[in-house]
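In case you want the letters, here they are:
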Amino acid sequence: MLHKKEIPADPVWYPFTQMQELAGKSPLIISAANGCWLEDEKGKQYLDGVSSLWANVHGHRHPVIDRAVKEQLGRVAHTTMLGLSHPGGIELARQLVRLTPEGLTRVFYSDSGATAVEIALKMAYQYWQLRGEKQRHKFLKLSEAYHGDTIGAVSLGGMDLFHERFGRLLFATVKVPTPHTYRHPFPVEGEKDIVDRYFALAEELIEKHSEQACGFIVEPLIQGAAGMIVHPTGYLKHIRDLTRRHDMLLIADEVAVGFGRTGKMFASEWEDVSPDLLCLGKGITAGYMPLAATMATEEIFSAFLGDFKELKTFFHGHTYTGNPLACAAALASLAVFAGEKTLDAAVFGPKAQKYNDGMKKLKQLEHVGSVRYKGLMGGVELVKNKNTREAYPFEERVGNRVIMAARKEGLMLRPLGDVIVLMPPLAVSLEELDLLFTATEKAIIKVTE
Ligand SMILES: *Cc1c(COP(=O)(O)O)cnc(C)c1O
């Protein structure tokens, strides 16, 4: 059929983008990549400083993962998990059970972090319904939380910038103040006082809502999108103890922190925590393909068992749930983790040391208020006044200007407001880390001094 409509040169409506600023043009176009490097249309190379939005792990075009996906293509690209299965999906699930914290024995696939979270929240809700505790409908979350952009996930979010506009569409939740030791709403005396206060606030709210709560959702250790807020040691464990004592589920959203980003395969391991539900995404396929998983304990899983007529079934699924190509990439990524000893190299070796040193050095800069990180995941908060911690005016977009300056130095970044995220693939080399920090420093100085 012939249309009269005009076809825009680039009809793509880009995510998280004020399209007016593009003025009809496309963003920078990346046409190839290799290792930790991205290449634009003109052949210019950029170090992938944020792991292609926190997803890439072993570098681009890793031969082992490439081969696994090609081999899978030679078998089948996609069928369905609604009524059928496939070997890679089952094998990956077994490996995820083996790798994740104690207690998690069941794997429900989907295709993005947001869907993994939607599934966790529906599972938690239905679980209590099936247990006969029908009064339970509330979820607790941290302020500044980010769990994805679909409406259920947005309900569990706490970032006003993204979430407030949709307020009337969202279900009510209980907001627990996030333990932010750099920016906190009350006057405090020293680090210990802050920590005590946040621990007490969480306890108070968990106690208060214990009878009506389905669960408490947290991003373990680091709240990513909020600006890399690193929680004080022991906070996750504290929440685990309280949720257990008050009989509500703990949902760990490890979409960002999972798969080695903080130095352990899963961030919950740092505090020996076993959540009741675990959400995985981003790095699960080493950044190759959309895949996500929601993992559950046997106790949750078995509450859904019953005769078909009882209607205990979890009625949820997506067309591309457990896609075979994505599962092949995920399995290959786990093989690379084992074969290359990725975690040892990234975290306990000289890379972590270099990352640590680089961050410490950036902290000296006049307009760097705070550096926050764990493993190879972190951010640098830029401030107008280091003494008073006064932020730059929102409309100055200092963070954005810094990443544009870094781009000129051959470094690709994406900020969170005025927090410059530094999150290279775990496969990053020592030389590449040097470039990451020198280019970032140069860009920050250029824009702020
Ligand atoms: C990115 C992210 C999500 C959402 O994942 P998508 O794949 O973008 O839907 C959820 N939770 C956390 C903690 C994230 O960082």
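Residues numbered from 1 in each chain as written. Predicted model: local features only at pLDDT ≥ 70, side-chain atom pairs only at ≥ 80, totals over all residues. Heavy atoms only, no water.

K.L.:
What's the story with the overall build of the protein in this structure? I'm lost.
P.N.:
Within the protein one finds 15 helices and 17 strands. Computed over its C-alpha atoms, the radius of gyration of the protein comes to 22 Å, within 12% of the 22 Å expected for a compact globule of 449 residues. Its C-alpha atoms give the protein principal-axis dimensions of about 65 × 60 × 55 Å. Counting across all 449 residues of the protein, residues that qualify as buried make up 53%. Across the protein, contacts joining residues at least 24 apart in sequence account for 70% of those joining residues at least 6 apart. A gap of 3 Å separates the mean positions of the 52 positive and 54 negative side-chain charges of the protein. (Helix = DSSP H or I, 4+ residues; strand = E, 2+ residues; numbered from the N terminus. Rg over C-alpha atoms; globule rule 2.2 N^0.38 Å. Buried < 20%, exposed > 50% of the residue type's maximum accessible area, 1.4 Å probe, protein only. Contact = heavy atoms within 4.5 Å. Lys, Arg positive; Asp, Glu negative; His and termini not counted. Charge placed at Lys NZ, Arg CZ, Asp CG, Glu CD.)

K.L.:
Explain the packing of helix H4 (residues 87–99) against helix H11 (residues 324–339) here, please?
P.N.:
When two helices pack together, their arrangement is given by the angle between the helix axes and by the axis-to-axis distance. Taken N-terminus to C-terminus, the directions of H4 and H11 make an angle of 40°; their axes are 9 Å apart at the nearest point. Classed by the angle they form, the pair H4 and H11 counts as oblique. The handedness of the crossing between H4 and H11 is left-handed. Within the contact between the two elements, H4 uses Gly88, Gly89, Glu91, Leu92, Gln95 and Leu99 and H11 uses Cys327, Ala330, Leu331 and Leu334. (Axes fitted to C-alpha atoms, helices over the stretch in contact; angles between N-to-C directions. Parallel < 35°, antiparallel > 145°, perpendicular 65-115°, else oblique. Left-handed = near helix turned anticlockwise from the far one by under 90°.)

K.L.:
Quick question: what am I supposed to make of the nonpolar core here?
P.N.:
Note that soluble globular proteins tend to have their nonpolar side chains buried in a common cluster. Residues Val380 and Leu422 are the most contacted members of the largest nonpolar core, which totals 94 residues. Among the domains, domain 1 (19–58 + 343–448) and domain 2 (67–339) are the pair contributing at least three residues each to this core. (Core = buried A, V, L, I, M, F, W, Y, C linked by side-chain atoms within 4.5 Å. Domains from an automatic or database assignment.)

K.L.:
What should I look at first to understand the domain arrangement of the protein in this one?
P.N.:
The accessible area lost on association of the parts is a frequent measure of interface size. Partitioning the protein into structural domains gives domain 1 (19–58 + 343–448) and domain 2 (67–339). For domain 1 versus domain 2, the distance between C-alpha centres works out to 26 Å. In total, about 2,600 Å² of surface goes out of reach between domain 1 and domain 2, with carbon and sulfur atoms giving 65% of it. Inspection of the region where domain 1 meets domain 2 yields one salt bridge. (Buried area = accessible area lost by both parts, 1.4 Å probe. Salt bridge = Lys/Arg side-chain N within 4 Å of Asp/Glu carboxyl O.)

K.L.:
When you look at the environment of Gln223 in this model, what are you seeing that I'm missing?
P.N.:
Locating Gln223 in the fold gives a position in strand E8 (residues 222–223). Along the chain, Gln223 and Leu142 lie 81 residues apart, while their C-alpha atoms are 9.2 Å from each other. When residues no more than four places from it in sequence are discounted, the contact partners of Gln223 are Leu142, Ser143, Glu144, Ala145, Thr178, Met228, Ile229 and His231.

K.L.:
Hey, could you run me through the site of the ligand in this one?
P.N.:
The environment of the ligand is formed by Trp54, Ser112, Gly113, Ala114, Tyr146, His147, Gly148, Glu219, Asp253, Val255, Ala256 and Lys282. Between the ligand and Ala114, the relevant distance is 2.8 Å, taken from an oxygen atom to a main-chain nitrogen or oxygen of the residue. In the complex, 83% of the free accessible area of the ligand, which totals 390 Å², lies under the protein chains. Looking at the shell around the ligand residue by residue, the classes come out as five nonpolar, four polar and three charged. (Near = heavy atom within 4 Å. Polar contact = N/O pair within 3.5 Å; in protein donor to acceptor, adjacent residues only side chain to side chain. Areas by Shrake-Rupley, 256 points an atom, 1.4 Å probe, with all protein chains shown as cover. Nonpolar A, V, L, I, M, F, W, Y, C, P; charged D, E, K, R; others polar.)

K.L.:
Explain unusual backbone geometry here, please?
P.N.:
If you check the backbone angles, Ala23 has positive phi at about 45° while not being a glycine. In this structure, Arg397 is a non-glycine residue whose phi angle is positive, near 50°. Among the secondary structure elements, Arg397 is positioned in the loop between strand E14 (377–382) and helix H14 (398–408). By relative accessible area, which is 37% here, Arg397 ends up partly exposed.

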